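Coordinate analysis (summary)
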Amino acid sequence: MELKCKIQTYDWGRHGINSTVATLMKSANPDFVLDEKKPHAELWMGTHPNGPSYMKDLNITLEEYIKQNNEVLGNSVQQTFGSHLPFLLKVLSVNKALSIQAHPNKKKAKELHQQYPTIYKDANHKPELAIALTPFEALCGFRPIREIKEFLKVLPELRAVIGEDKVLKFMTTDEAGITKALKTCFHSLMTCDPGLIALQLRKLLDRLSNLDESLRQTLHASLLERLYSDYPGDVGCFGIYFFNFITMQPGEAIYLGPNEPHAYLSGDCVECMACSDNVVRAGLTPKLKDVPTLVEILTYTCEPLSAKRFQPSREDECTEVFRPPVSDFAVAKITIPLGRSSYNIIPRSTASILIIINGKGEISSSKILYRGSVVFIPANEKVGIKVLCGCHPMLMFQAFVNV
C-alpha cells in the first residue's frame, strides 16, 4: 500500500537537486514541482500529526487506515502501544547545523509536558537512530575527559567564557568528582553572557586564521568557522570542544538515547525515532533555548568516538538490522546486489514502512516502485521484490516496531 508523504521545508535543509529529500520526492511523484529556492529538509513517513502520510489509493491518512484496521499493526504492537504506530521514519538533507539538543526520557518528558505543555507538547520520549546516506557529520555525546582537558589547556578563549576557577577545578578533580566538575563547566559555558561569548569567539577565530594547517585541524578551525558563519556569536559554536565530532560514511549509524547531547551538522541520512516532539535545545538555533533543563538532564557520559557508532546485525545476505534498546522501532537496511533479480523481504510480526532509496522494482501486488516510493506493509505480510533496473544495487530501508 503506497503512501504519499510530507516534506518539511526547514531553514537548515538543502536546496533543489542538492537535497536527497527533494530528488526522492520528484522521482516517485511526477506531479511534484521542485522549487529550487526552497530548502527541502525532511521527508516524513508515518502518522505524526504535523506531517501525516496518506494512503495513495484510498485518500485517507495512514492514521485513519490503522484505526479502521487495527490488525495491520500486529498483536504485540497493539498490546504495547495500542492502536498507534509508535515510530516516525524520515529522510534528512542537512545543509547547515541543527540545534545542539537532547531528548528527555519518558519520566522527564511527562514532567515537562505537565509543566510546559505549549513547549513540550507530548509526554513521550524521543530516542533516534540516524543511518548515513552520504558522508554525514554530527556532534554526538561528550568527548573523553582527556580531550576536553586538552582543548581547555590550549584555548584561553574557552577558559575565559567558562571561568578560570571552574576550569582549574575540572583540571584537578579526581575521577570520583569529574562528572560534577564537567557539569559545572558546561553550565557555566551555556549561561555565560552572550556579549562575552561573541567577543571570545571573534578572538578565537582571528587567532585560528593565523595558525598552520595541522594545528587548525587539531582545533577544528574549519568546523568552527562554518558554524560561526551560520550562527554568528552563538554559544553552541564552543560545543565542538565538549562533544565528539563524528563523520559517518554511507551505511554507518549512530543511536541517540535519552539525554544524549547531539547536533546534526551536514549530509543526508535516514532517521527513525519514537513519535514525539520533545526537544530540549541550547545552542546553534534561533529557536527557544531551555538551558536549565538541558544542563539538568544530560548524561555527562564521556566516551570515545568509536563507542558512538551503532552496529547492525546481519539477518541474511541482503538484510542487516539496527535494533536500538527501545521497543518503539528498529530499522532494516536492505541491499539487493547487482546480478540478483529478486528478493523476498523478511516478514515482520509488526507493521512496517519501506522506502526505496536506489533502484526500481515490482512488488508482489504487481505495483512498480521507483526511487523515493514509500509503502506501508501490514504485520506478517509476505512481500517479494523483482528488480527492474539492474545497473546498480537496489537499496531500501524498512522501519518496524521492535517488539
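Predicted model, so just to flag it, every value in this text is computed and none were measured.

1. Brief notes about the overall build of the chain
Each helix and strand in the chain was counted, giving 12 helices and 24 strands. What you see for the chain is a C-alpha radius of gyration of 22 Å, in line with the 22 Å of a compact globule of 403 residues. Oriented by its inertia axes, the alpha-carbon framework of the chain measures out at about 70 × 45 × 40 Å. Expressed as a percentage of the 403 residues in the chain, the buried residues total 57%. Partitioning the intrachain contacts of the chain with sequence separation of at least 6 by distance along the chain shows that 75% fall at a separation of at least 24. Just so you have it, the chain exposes about 17000 Å², and 51% of that area is on carbon and sulfur atoms.

2. Some words on the sheet that holds strand S17 (residues 330-336)
Read from one edge of the open sheet, 6 strands run S15-S16-S17-S24-S19-S22, paired in antiparallel fashion. The sheet is open, and its two edges are formed by strand S15 (313-314) and strand S22 (374-377), each paired on a single side. Relative to strand S24 (residues 394-400), S17 runs antiparallel, the two sharing 7 bridges. Bridging from a neighbouring strand, Lys-333 pairs with Phe-397 of S24.

3. Points about the UniProt feature "domain: Phosphomannose isomerase type I helical insertion" (unreviewed entry) in the chain
UniProt records the feature "domain: Phosphomannose isomerase type I helical insertion" (unreviewed entry) for residues 177-242 in the present numbering. For the annotated span residues 177-242, helix accounts for 67% and strand for 0% of the residues, and the straight-line distance between the end C-alpha atoms is 17 Å.

4. A short note on the domain arrangement of the chain
Each domain of the chain was delimited in the assignment, giving domain 1 (2-140 + 247-283), domain 2 (144-241) and domain 3 (313-400). Computed from C-alpha atoms alone, the centre-to-centre distance between domain 1 and domain 2 is 31 Å. Contacts between the two partners involve 9 residues from domain 1 and, on the opposite side, 11 residues from domain 2. Here domain 1 and domain 2 share 1 salt bridge between them. Between Arg-226 and Glu-137 there is a salt bridge, and its shortest N-O distance comes to 2.9 Å.

5. Here we look at the side chain of Arg-281
Note that Arg-281 resides in strand S14 (residues 280-283). In this structure Arg-281 is buried but unpaired, with Asp-277 as the nearest side chain of opposite charge at 7.9 Å. At 3.4 Å, the side chain of Arg-281 forms a polar contact with the side chain of Ser-99. What Arg-281 contacts, discounting residues up to four positions off in sequence, is Ser-99, Ile-100, Gln-101, Lys-287, Leu-288, Lys-289, Asp-290 and Val-291.

6. Some words on the sheet that holds strand S18 (residues 342-345)
Hydrogen bonding along the main chain pairs the strands of a sheet, whether they run parallel or antiparallel. Spatially, S18-S23-S20-S21 is the arrangement adopted by the 4 strands of the open sheet, whose pairing is antiparallel. Two strands lie at the open edges of the sheet, namely S18 and strand S21 (368-369), each paired on one side alone.

7. Description of the packing of helix H9 (residues 194-208) against helix H11 (residues 221-230)
Two numbers describe how H9 lies on H11: the axes approach to 11 Å, and their chain directions differ by 135°. If you check the angle between H9 and H11, you find them oblique. The element H9 and its partner H11 pack so that their crossing is left-handed. Taken together, the residues of H11 that come into contact with H9 (itself represented by Leu-201, Arg-202, Leu-204, Leu-205 and Leu-208) are Ala-221, Leu-224, Glu-225 and Tyr-228.

8. Quick look at the nonpolar core
Side chains of nonpolar character tend, in soluble globular proteins, to be buried together. Ranked by size, the top nonpolar core spans 55 residues in total, and within it Leu-158, Phe-186, Leu-189, Tyr-241 and Phe-242 carry the most contacts. The greatest single-element share of this core, amounting to 7 residues, is contributed by helix H8 (residues 178-190). When residues of this core are sorted by domain, at least three fall in each of domain 1 (2-140 + 247-283) and domain 2 (144-241). Discounting chain neighbours no more than four positions away, the residues touching Tyr-241 are Arg-143, Ile-148, Phe-151, Leu-155, Leu-158, Leu-204, Leu-208, Leu-219 and Leu-224. Listed in part, the 44 residues of the second largest apolar core include Phe-32, Leu-43, Ile-66 and Phe-81.

9. Section: the environment of Ile-162
Looking at the secondary structure, you find Ile-162 in helix H6 (residues 156-162). Spatially, the C-alpha atom of Ile-162 lies 39 Å from that of Ser-327, the residues being 165 residues apart in sequence.

10. Brief notes about the packing of helix H5 (residues 145-154) against helix H7 (residues 164-172)
Two numbers describe how H5 lies on H7: the axes approach to 11 Å, and their chain directions differ by 140°. One element, H5, and the other, H7, form an angle in the oblique class. Handedness of the H5/H7 crossing: left-handed. For the pair H5 and H7, contact is made by Ile-145, Ile-148, Lys-149, Leu-152 and Lys-153 and by Val-167, Phe-170 and Met-171, respectively. Considering only residue class, the contact of H5 with H7 consists of 6 nonpolar, no polar and 2 charged.

11. A few points about the pattern of salt bridges
Taken as a whole and assessed by the stated rule, the structure comprises 28 salt bridges. In this structure, the salt-bridge partner of Lys-308 is Glu-260, at a minimum N-O distance of 2.6 Å. Here Lys-308, found in the loop between helix H12 (291-297) and S15, pairs with Glu-260, found in the loop between strand S12 (253-256) and strand S13 (262-274); they are 48 residues apart in sequence, far enough to count as distant. Accessibility assignment for this pair places Lys-308 and Glu-260 in one class, buried. When the shortest N-O distance is used, the salt bridge between Glu-320 and Arg-314 registers 3.4 Å. Owing to a relative accessible area of 16%, Glu-320 belongs among the buried residues under this scheme.

Quick notes on the rules
Residues numbered from 1 in each chain as written. Predicted model: local features only at pLDDT ≥ 70, side-chain atom pairs only at ≥ 80, totals over all residues. Heavy atoms only, no water. Helix = DSSP H or I, 4+ residues; strand = E, 2+ residues; numbered from the N terminus. Rg over C-alpha atoms; globule rule 2.2 N^0.38 Å. Buried < 20%, exposed > 50% of the residue type's maximum accessible area, 1.4 Å probe, protein only. Contact = heavy atoms within 4.5 Å. Areas by Shrake-Rupley, 256 points an atom, 1.4 Å probe, with all protein chains shown as cover. Pairing = 2+ DSSP bridges. UniProt positions renumbered as here; feature names shortened; annotations may be inferred. Domains from an automatic or database assignment. Salt bridge = Lys/Arg side-chain N within 4 Å of Asp/Glu carboxyl O. Lys, Arg positive; Asp, Glu negative; His and termini not counted. Polar contact = N/O pair within 3.5 Å; in protein donor to acceptor, adjacent residues only side chain to side chain. Axes fitted to C-alpha atoms, helices over the stretch in contact; angles between N-to-C directions. Parallel < 35°, antiparallel > 145°, perpendicular 65-115°, else oblique. Left-handed = near helix turned anticlockwise from the far one by under 90°. Core = buried A, V, L, I, M, F, W, Y, C linked by side-chain atoms within 4.5 Å. Nonpolar A, V, L, I, M, F, W, Y, C, P; charged D, E, K, R; others polar.

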